[in-house]
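# Analysis of the macromolecular model
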Amino acid sequence: MGGVVGDGVGAAVSDYIYRRAGSLQAARRNLIIVGMVGAFVFLVPIVLTHDLTTVAICLSLAFFFSELVVAPIWAVPMDIGPHYAGTASGMMNFGFGIAGILSPLVFGAAVDMTGSWSIPFCASLALLLVGAGLSFFMHPKKSSQANGRR
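All residue numbers refer to positions counted from 1 along the written sequence of the respective chain. Given that the model is predicted, a residue must reach a pLDDT of at least 70 before its local features are reported, and side-chain atom pairs must reach 80 or more before they are shown or counted; all residues, however, enter totals for whole chains, interfaces and linings. Based on all heavy atoms of the structure, the side-chain values leave hydrogens and waters out of the count.

Broken down by element type, the protein chain carries 7 helices and 0 strands. Here a helix means four or more residues in a row that DSSP labels H or I, a strand means two or more in a row labelled E, and each is numbered from the N terminus. Along the protein chain, from the amino end to the carboxyl end, the secondary structure elements read α-α-α-α-α-α-α. Seen through its C-alpha atoms, the protein chain measures out along the principal axes to roughly 55 × 30 × 25 Å. Only protein chains enter the calculation, and the probe is 1.4 Å; a residue is then buried if its accessible area is under 20% of its type maximum, exposed if over 50%, and partly exposed in between. The buried share among the 150 residues of the protein chain stands at 33%. Working rule for contacts: check all heavy atoms of both residues, and any pair within 4.5 Å makes them a contact. Across the protein chain, every contact between residues at least 6 apart in sequence was considered, and the portion connecting residues at least 24 apart equals 69%. Each accessible area is a Shrake-Rupley estimate made with a 1.4 Å probe; only the visible protein chains count as cover when residues are assessed. Per element, the accessible surface of the protein chain, about 9000 Å² overall, is 71% carbon and sulfur. When charges are counted, Lys and Arg contribute as positive and Asp and Glu as negative, whereas His and the chain ends are disregarded. A charge is said to be at NZ when it belongs to Lys, at CZ for Arg, at CG for Asp and at CD for Glu. Computed over 8 positive and 6 negative side-chain charges, the inter-centroid distance for the protein chain is 23 Å.

Next comes the structure, spelled out in structure tokens:
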């Protein structure tokens, strides 16, 4: 439920911010950062607590925030390279597919090797912070203006 709501809220908020502020950076990049940092915030208690109710609520909220990123991140290829949006989206989808194949294997191997679920969750936390940090380098409007039709 948290993921489905996050998808819808992410799309609506991204559109609202763009209409209100007229800024692709605010509508895309800033929402991506909020989603990744929000997921980080709600994954931290999963590593620190053993209370099942707390873990279930935090996982749901982390999923909400991670799905908040979906709509703006799929809009970024159209913003950055409108004439090559299909190619850019395909490359992004390829990366998601590889991550979807490898992450369960790596997560499971880490649990098997260490006997702890904390290690792979901490790695996920680190990746969320890296993703949020790298989002500051996205400049959809600037890139879209520089990308002329060929």
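And the narrative resumes.
Let us look at a nonpolar patch on the surface. Where nonpolar side chains cluster on the molecular surface, the patch consists of F94, I98, I101, L102, L105 and V106 and spans about 620 Å² of accessible area. Topologically, I98 is positioned in helix 5 (residues 85-114). Candidates for patches are residues over 30% relative accessible area with no salt bridge; among them, like charges are joined within 9 Å and nonpolar side chains (Val, Leu, Ile, Met, Phe, Trp, Tyr) within 5 Å. Should a side-chain nitrogen of Lys or Arg be within 4 Å of a carboxyl oxygen of Asp or Glu, the pair is scored as a salt bridge.

Let's shift gears to helix 1 (residues 2-21). Here the expected span of a helix is defined as 1.5 Å times the quantity of residues minus one. Relative to the 28 Å expected for 20 residues at 1.5 Å per residue, helix 1 spans 27 Å between its end C-alpha atoms, a close match to the ideal helical length. On its buried side, helix 1 packs onto helix 2 (24-48), helix 3 (52-68) and helix 4 (70-80). Where helix 1 terminates, the next one or two residues include G22, which has phi positive at roughly 70 degrees.

Here, the term nonpolar core denotes a set of buried Ala, Val, Leu, Ile, Met, Phe, Trp, Tyr and Cys residues that are joined through side-chain atoms within 4.5 Å. Ranked by size, the top nonpolar core spans 21 residues in total, and within it I32, M36, L43 and I46 carry the most contacts. Every element with two or more residues in this core is listed here: helix 2, helix 3, helix 4 and helix 6 (118-134). Discounting chain neighbours no more than four positions away, the residues touching L43 are L59, A62, F121, L125 and L128.

With the rule as written, the count across this model stands at 1 salt bridge. Close ionic contact of R28 with D79 constitutes a salt bridge, the shortest N to O distance being 2.6 Å. On the criterion of sequence distance, the pair formed by R28 in helix 2 and D79 in helix 4 is long-range, its members being 51 residues apart. A residue is classified by how much of its surface remains accessible, and R28, at 11% relative accessible area, is buried.

This paragraph deals with the packing of helix 5 against helix 6. Fitting a line to C-alpha atoms yields each axis, with helices limited to the stretch in contact; the angle taken between N-to-C directions then spans 0 to 180 degrees. Contact geometry for helix 5 and helix 6: axes closest at 8 Å, N-to-C directions at 140 degrees. Here helix 6 runs oblique to helix 5, going by the angle between their axes. Here F107, A110, V111 and T114 of helix 5 come into contact with helix 6, specifically with I119, P120, F121 and S124. Angle categories are assigned with fixed cut-offs, so that under 35 degrees is roughly parallel, over 145 is roughly antiparallel, 65 to 115 is roughly perpendicular, and the rest are oblique.

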